[in-house]
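A structural walkthrough
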Amino acid sequence: MSGILDLLNSDTGKQLISSITEKTGINASQATAVVSSSLPAMLGAMKNNVSNDGGSGLLGALTGGRHDGSILDNLGGFFNGGDFSEGSKILGHVLGGKQDTVVNNLSQNTGVDTGIISKILPMLAPIIMGYLAKQTKSNGVTDGAGLGGLLGGLLGGSGGGSGSILTSVLDQNGDGKLDASDAMAALSGKKKGGLGSLLGGLFGRK
C-alpha cells in the first residue's frame, strides 16, 4: 500500500500545489509544507474517529458515491469552481471542535498565517476524501476494521518511498515505526515542533 505522500509526488500533487499557490498567494514551498502537514493530520483525525465510532459514517461517505475519486481527475475544474463549502462540511465532521487547534498548530509548524491555512483545509478535504474513496475501493474495504487498517497503512506507509518519509515525520521515539509510544509522546507534548503537538491535539490532549 502506498503512503499518502505519494499523492504529493504525482502530477496530481504538483497541480494541487500550483492551484493552492494561485488561490492563496503563498509560494510553492509554503503550500507544500501546509499540504504535507495537513494530510497526516486529517488522516490521523479520521483514524481516531474510526476507533471511537467504528467508522460507519466515514465508510458510508467513502462508498456512497458522493466521493468517488473523480475529483482527482479534474482538479482544475474543482479549483476554478471556487466552491469549497463541501470541504468545510467534511472538516466539521472530521475535526469537530478541534478545527481551530489544528489550524493554529499547522500555522506554528509551517509559518503560514492561520487565515491562509483556514482557506487551504476546505480545499484539501474533498481531495483527501476522493483519494480515500479510491483506496477504499481498490483495497476492498467493507467495514470499520478494514478502514482503520487502511488509514493506518497510509499513515505508516509500507517500508519505503514516501511512506517511510511520513513515518519519520510522525515517529516520536525514533524507532522507525508508529506505535503506542509515539501516540503517548504526542499526547504528552514531549517533542515540540514538527507534528507532535498537532497530533496531541487530534488525539485528545486539551
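Preceding this section is the structure that the text describes.
Below: a short report on this structure.

Thresholds, definitions, all that
- Residues numbered from 1 in each chain as written.
- Predicted model: local features only at pLDDT ≥ 70, side-chain atom pairs only at ≥ 80, totals over all residues.
- Heavy atoms only, no water.
- Phe/Tyr/Trp six-rings, centres within 6.5 Å; stacked < 30°, edge-to-face > 60°.
- Buried < 20%, exposed > 50% of the residue type's maximum accessible area, 1.4 Å probe, protein only.
- Salt bridge = Lys/Arg side-chain N within 4 Å of Asp/Glu carboxyl O.
- Helix = DSSP H or I, 4+ residues; strand = E, 2+ residues; numbered from the N terminus.
- Contact = heavy atoms within 4.5 Å.
- Core = buried A, V, L, I, M, F, W, Y, C linked by side-chain atoms within 4.5 Å.
- Polar contact = N/O pair within 3.5 Å; in protein donor to acceptor, adjacent residues only side chain to side chain.
- Axes fitted to C-alpha atoms, helices over the stretch in contact; angles between N-to-C directions.
- Parallel < 35°, antiparallel > 145°, perpendicular 65-115°, else oblique.
- Nonpolar A, V, L, I, M, F, W, Y, C, P; charged D, E, K, R; others polar.

Once that is clear, we can look at the packing of aromatic side chains. For the structure on display, the rule yields three aromatic pairs. Both rings, one in Phe-78 and one in Phe-84, keep their centres 5.3 Å apart while their planes meet at 75°; by these two values the pair is edge-to-face. Note on accessibility: Phe-78 and Phe-84 belong to one class, buried. Following the ring pairs from residue to residue traces out a cluster consisting of Phe-78, Phe-79 and Phe-84.

Attention now moves to the pattern of salt bridges. For the coordinates displayed, the defined rule picks out two salt bridges. Residue Glu-86 is joined to Arg-66 by a salt bridge in which the shortest nitrogen-to-oxygen separation is 2.8 Å. Pair noted here: Glu-86 is in helix α6 (residues 85-95) and Arg-66 is in the loop between α4 (56-63) and α5 (75-81), with a separation of 20 residues, a long-range link. Owing to a relative accessible area of 22%, Glu-86 belongs among the partly exposed residues under this scheme. We classify Arg-66 as exposed; its relative accessible area is 62%. Here Asp-73 makes a salt bridge to Lys-134, at a shortest N to O gap of 3.7 Å.

Here the focus is the side chain of Ser-107. The residue Ser-107 is located in helix α7 (residues 99-110) in this model. Leave out the neighbours within four places in its chain, and Ser-107 touches Val-112, Asp-113, Thr-114 and Ile-117.

Moving on to the nonpolar core. Generally speaking, soluble globular proteins have nonpolar side chains that are buried together. Counting 51 residues, the largest nonpolar core has Ile-20, Met-46, Phe-79, Ile-127 and Leu-147 as its most contacted members. Discounting chain neighbours no more than four positions away, the residues touching Leu-147 are Val-50, Gly-55, Leu-58, Leu-59, Leu-62, Thr-136 and Val-141.

If you trace the backbone, Lys-98 turns up in the loop between α6 and α7. For Lys-98, a relative accessible area of 23% puts it in the partly exposed group. Separated by 53 residues in the primary sequence, Lys-98 and Ala-45 place their C-alpha atoms 9.7 Å from one another.

Before going further, it helps to spend a moment on the side chain of Ser-37. Tracing the sequence through the fold places Ser-37 in helix α3 (residues 28-53). Judged by relative accessible area, which is 12%, Ser-37 ranks as buried. Among the polar contacts listed, one links the side chain of Ser-37 to the backbone oxygen of Ala-33, at a separation of 3.0 Å.

This next bit is on the packing of α4 against helix α8 (residues 114-138). Look at α4 against α8: their axes get within 9 Å of each other, and the N-to-C directions meet at 90°. By the criterion of interaxial angle, the relationship of α4 to α8 is roughly perpendicular. Between α4 and α8, the contacting residues are Leu-58, Leu-59, Ala-61, Leu-62 and Thr-63 on the first element and Met-129, Leu-132, Ala-133 and Thr-136 on the second. The residue makeup of the contact of α4 with α8, split by class, is seven nonpolar, two polar and no charged.

Structurally, the position occupied by Asp-53 is in helix α3. Within the structure, the side chain of Asp-53 is placed 2.8 Å from the backbone nitrogen of Gly-55, a separation counted as a polar contact.

Of note, Ala-145 is situated in helix α9 (residues 144-156). Overall, the relative accessible area of 65% leaves Ala-145 in the exposed class. Considered as a pair, Ala-145 and Gly-55 are 90 residues apart in the sequence and their alpha carbons are 8.0 Å apart.

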